[in-house]
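Secondary and tertiary structure notes
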Amino acid sequence: MKNKIVEGFSKFSKEEKTEWLLNTYTQKEENIKEIVKKYLNSYEELQKLHDEFAENTITNFYLPFSVAPNFLINGQVYAIPMAIEESSVVAAASKAAKFWLDKGGFKTTILGTKKTGHVHFTFKGNKEKLRLFFENHLKDKLFLESIHITKNMQSRGGGILAIDLIDKTAELENYFQIHAQFDTINAMGANFINSCLEQFAKTFKKEIAKETQFSEEEKNSFSIIMCILSNYTPECMVRAEVSCSVEVLNANARGLNEEYVHKFIQAIKIAEIEPYRAATHNKGIMNGVDSVVIATGNDFRAVEASAHAYACKDGKYASLTHCEVENGIFRFWLDLPLAVGTVGGLTKLHPLVKVALKILGDPSATKLMEIIAVAGLAQNFGAINAMITTGIQQGHMKMHLFNILLELKATEEEKIKMVDFFKTETVSYNKVIEILSGLRNNATKQL
């Protein structure tokens, strides 16, 4: 164990980090060293840029950068960049986009752009005195003393929207919050929000210390616990939806006719009441969402956290999508809390992020919210459509076959023959090996 402990690792050069890691954990296996080297970028400037994105980098980890075309969104056609390794996701999104292309496409609505942060603190004293102090004195000071941070954001139309004192002592003894709301325009805004919150804390400490209405005991009981934005953004929301007549939808139902819409609605209702199903259902939505979030340089972990928290908003984990038929019109929609940005962070640093945003027409943050939500809705539609018709495995196993053939280093000619064979056969790893081996043995005999 001792020889695996290292001091000052972050100060090592990349070569030293790599050598130590391979010597300590991989028994100096040369093929691993070659793989690590192979994934370094041959352009020195670009590799230096990648190295600075994170700590202790030794190489790069690549994801496919794909595009799903034919998305009609609010009357405009988009090709949506997607960075993801799951083979069926881009295909399913593209198929759903094409399906809705002649049915009015996707419509979106921004439901809100407010983001939230908190100063979490404890206070053991007179609550009414604290409330009056906040309302009559502190709130204005918090706005005033953070102007040096908010000035530029205000000039772009954003800034601090509201600051409130929240009493949480019924849930945790002596616990209060300063609950603040922000509009960060085209920035995701994490650094801006956290800087404001930390300034609030400084002002709060200073003002309460000199406030004469509080006793020394009350002042000493006051303690800032932490200042941090929330990744839960139920007031920074977007809706994406599709709709068409039931007759039009049933006409595309692969022989299911009137059953199709009924089964589709039932599939959504099951995900609304059954958490076991909802988890997989929402994961499929996030396949589409995350792939666009990553491609555009945004924080997919924050987006995931918010989406899953929102899925629990009614006290039970449930579907993020909903469906109804009213007056003969089928309507399918997704409401998604989504905080993303198109300025700052990787959006100005990562070359492929710049490409992704250019493909999307250099969107504002709200426009990007709309596009991302559409990708999630399309993904969910594709999954439900497959499950209630041919079954989910048909598409998945086709992609699985390609992955196995890639692993087995099949030639192009072998791939064609294998795909033809498995049109009517169930794909399994052993079966693929068996058939491919047979093809290769026959080819050898003919030589």
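Notes on the structure follow. All values reported here derive from a predicted model rather than from experimental measurement.

Turning our eyes to something else, we now look at the layout of surface pockets. By volume, the largest pocket is sized at about 1,400 Å³. Around the largest pocket, the lining comprises 44 residues; the ones closest to its centre are Phe53, Ile294, Gly297, Leu346 and His350. Elements represented by at least two residues in the lining of the largest pocket include exactly helix 3 (44-51), helix 7 (190-210), helix 11 (275-295), helix 12 (300-310) and helix 13 (351-359). In terms of residue class, the lining of the largest pocket is built from 25 nonpolar, 16 polar and three charged.

A word on the pattern of salt bridges. Two side chains carrying opposite charge are able to pair once their charged atoms lie near each other. Under the defined criterion, the tally for this structure stands at 25 salt bridges. The partner of Lys283 in a salt bridge is Glu86, with the nearest N and O atoms 2.8 Å apart. With Lys283 in helix 11 and Glu86 in the loop between strand 2 (76-83) and helix 4 (87-101), this residue pair connects regions lying 197 residues apart in the sequence. By relative accessible area, which is 40% here, Lys283 ends up partly exposed. Residue Lys139 pairs with Glu135 through a salt bridge whose shortest N-O separation is 3.7 Å. A residue pair is termed a helical-turn pair when its members lie 3 or 4 positions apart in one helix, as Lys139 and Glu135 do in helix 5 (residues 127-144) at four residues. Among the charged side chains, a network of salt bridges with common partners joins Glu145, Lys206, Glu207 and Lys210.

Let us look at the packing of aromatic side chains. Counted according to the given criterion, the structure contains 23 aromatic pairs. Aromatic pair Phe133 and Phe214: ring centres 5.4 Å apart, planes at 85°, arrangement edge-to-face. Of this pair, Phe133 sits in helix 5 while Phe214 sits in the loop between helix 7 and helix 8 (216-221); the two residues are 81 residues apart in sequence, bridging distant segments of the chain. Residues Phe133 and Phe214 agree in their burial class; the two are buried. Put simply, the rings of Phe99, Trp100, Tyr260, Phe264, Phe330, Phe332 and Phe381 touch in pairs and so form one group of aromatic residues. If you follow Arg331 out to its NZ or CZ, it ends over the ring of Trp333, 4.0 Å from the centre.

What follows concerns helix 3. Taken residue by residue, helix 3 has Gln47, His50 and Asp51 as its buried positions. Taken end-on, helix 3 shows its buried residues confined to a sector of 100°, consistent with a single buried face. For helix 3, exposure combined with an orientation more than 90 degrees from the buried face picks out Glu45 and Lys48. Considering only its buried residues, helix 3 is in contact with helix 1 (14-25).

In this section: the sheet that holds strand 4 (residues 115-122). Taken in spatial order, the four strands make up an open sheet running 5-6-4-7, and their pairing is antiparallel. Only two strands of the sheet have a single partner each, and these edge strands are strand 5 (159-167) and strand 7 (223-229). Geometrically, the sheet is characterised by an average inter-axis angle of 15° between neighbouring strands, direction not taken into account. The strands touched by helix 5 within the sheet are strand 4, strand 5 and strand 6 (175-183), with strand 5 carrying the most contacts at an inclination of about 170°. Helix 7 rests against strand 4, strand 5, strand 6 and strand 7 of the sheet, and its axis sits at about 160° to strand 7.

Where nonpolar side chains cluster on the molecular surface, the patch consists of Val67, Leu352, Val355 and Ile359 and spans about 280 Å² of accessible area. Broken down by element, the residue count for the nonpolar patch peaks at three residues, all from helix 13. Within the fold, Ile359 resides in helix 13.

This next bit is on empty space enclosed by the protein. Across all of its chains, the model carries two cavities of 30 Å³ or more by this definition. Lining the largest cavity are Met188, Asn231, Thr233, Ala302, Val303, Ser306, Pro337, Leu338 and Ala339. A total of three residues in the lining of the largest cavity trace back to one element, the largest contributor, which is helix 12. Split by residue class, the lining of the largest cavity holds six nonpolar, three polar and no charged. Approximately 40 Å³ is the volume found for the second largest cavity.

Turning our eyes to something else, we now look at the packing of helix 10 (residues 259-273) against helix 14 (residues 365-388). The geometry of helix 10 relative to helix 14 is characterised by a closest axis approach of 10 Å and an angle of 120° between their N-to-C directions. Classed by the angle they form, the pair helix 10 and helix 14 counts as oblique. The two elements helix 10 and helix 14 cross, and the hand of that crossing is right-handed. Taking contact as the criterion, the partners of Tyr260, Lys263, Phe264, Ala267 and Ile268 in helix 10 are, on helix 14, Asn380, Phe381, Ile384, Asn385 and Ile388.

A separate point is unusual backbone geometry. For Asn56, which is not a glycine, the phi torsion comes out positive at approximately 60°. Structurally, Asn56 is set in the loop between helix 3 and strand 1 (65-73). Residue class for Asn56 comes out partly exposed when judged on its relative accessible area of 33%. The phi torsion at Asn70 lies on the positive side, around 70°, for a residue other than glycine. Its place among the elements puts Asn70 in strand 1. Note on Asn70: relative accessible area 31%, which makes it partly exposed.

Here helix 14 spans 35 Å end to end across 24 residues, near enough to the 34 Å set by a 1.5 Å rise per residue. When you tally the buried positions in helix 14, you get 20 out of 24 residues, the bulk of the element.

It is at 8 Å that the axes of helix 4 and helix 14 come closest, and there the two elements cross at 95°. Considering their axes alone, helix 4 and helix 14 lie roughly perpendicular with respect to each other. Where helix 4 abuts helix 14, its residues Ser88, Val89, Ala92, Ala93, Ala96, Phe99 and Trp100 lie against Ala378, Gln379 and Phe381. Partitioning the contact of helix 4 with helix 14 into residue classes produces eight nonpolar, two polar and no charged.

What counts and what doesn't
- Residues numbered from 1 in each chain as written.
- Predicted model: local features only at pLDDT ≥ 70, side-chain atom pairs only at ≥ 80, totals over all residues.
- Heavy atoms only, no water.
- 1 Å grid on protein atoms, 1.4 Å probe; cavity = no way out; pocket = protein on both sides within 12 Å on 5 of 7 lines; lining within 4 Å.
- Points joined across faces, edges and corners; volume = space filled by probe spheres on them.
- Helix = DSSP H or I, 4+ residues; strand = E, 2+ residues; numbered from the N terminus.
- Nonpolar A, V, L, I, M, F, W, Y, C, P; charged D, E, K, R; others polar.
- Salt bridge = Lys/Arg side-chain N within 4 Å of Asp/Glu carboxyl O.
- Buried < 20%, exposed > 50% of the residue type's maximum accessible area, 1.4 Å probe, protein only.
- Phe/Tyr/Trp six-rings, centres within 6.5 Å; stacked < 30°, edge-to-face > 60°.
- Lys NZ or Arg CZ within 6 Å of the ring centre and 35° of its normal.
- Arc of directions from axis to C-beta.
- Contact = heavy atoms within 4.5 Å.
- Pairing = 2+ DSSP bridges.
- Axes fitted to C-alpha atoms, helices over the stretch in contact; angles between N-to-C directions.
- Patch = residues over 30% accessible without salt bridge, like charges linked within 9 Å, V, L, I, M, F, W, Y side chains within 5 Å.
- Areas by Shrake-Rupley, 256 points an atom, 1.4 Å probe, with all protein chains shown as cover.
- Parallel < 35°, antiparallel > 145°, perpendicular 65-115°, else oblique.
- Left-handed = near helix turned anticlockwise from the far one by under 90°.
- Expected span 1.5 Å × (residues − 1).

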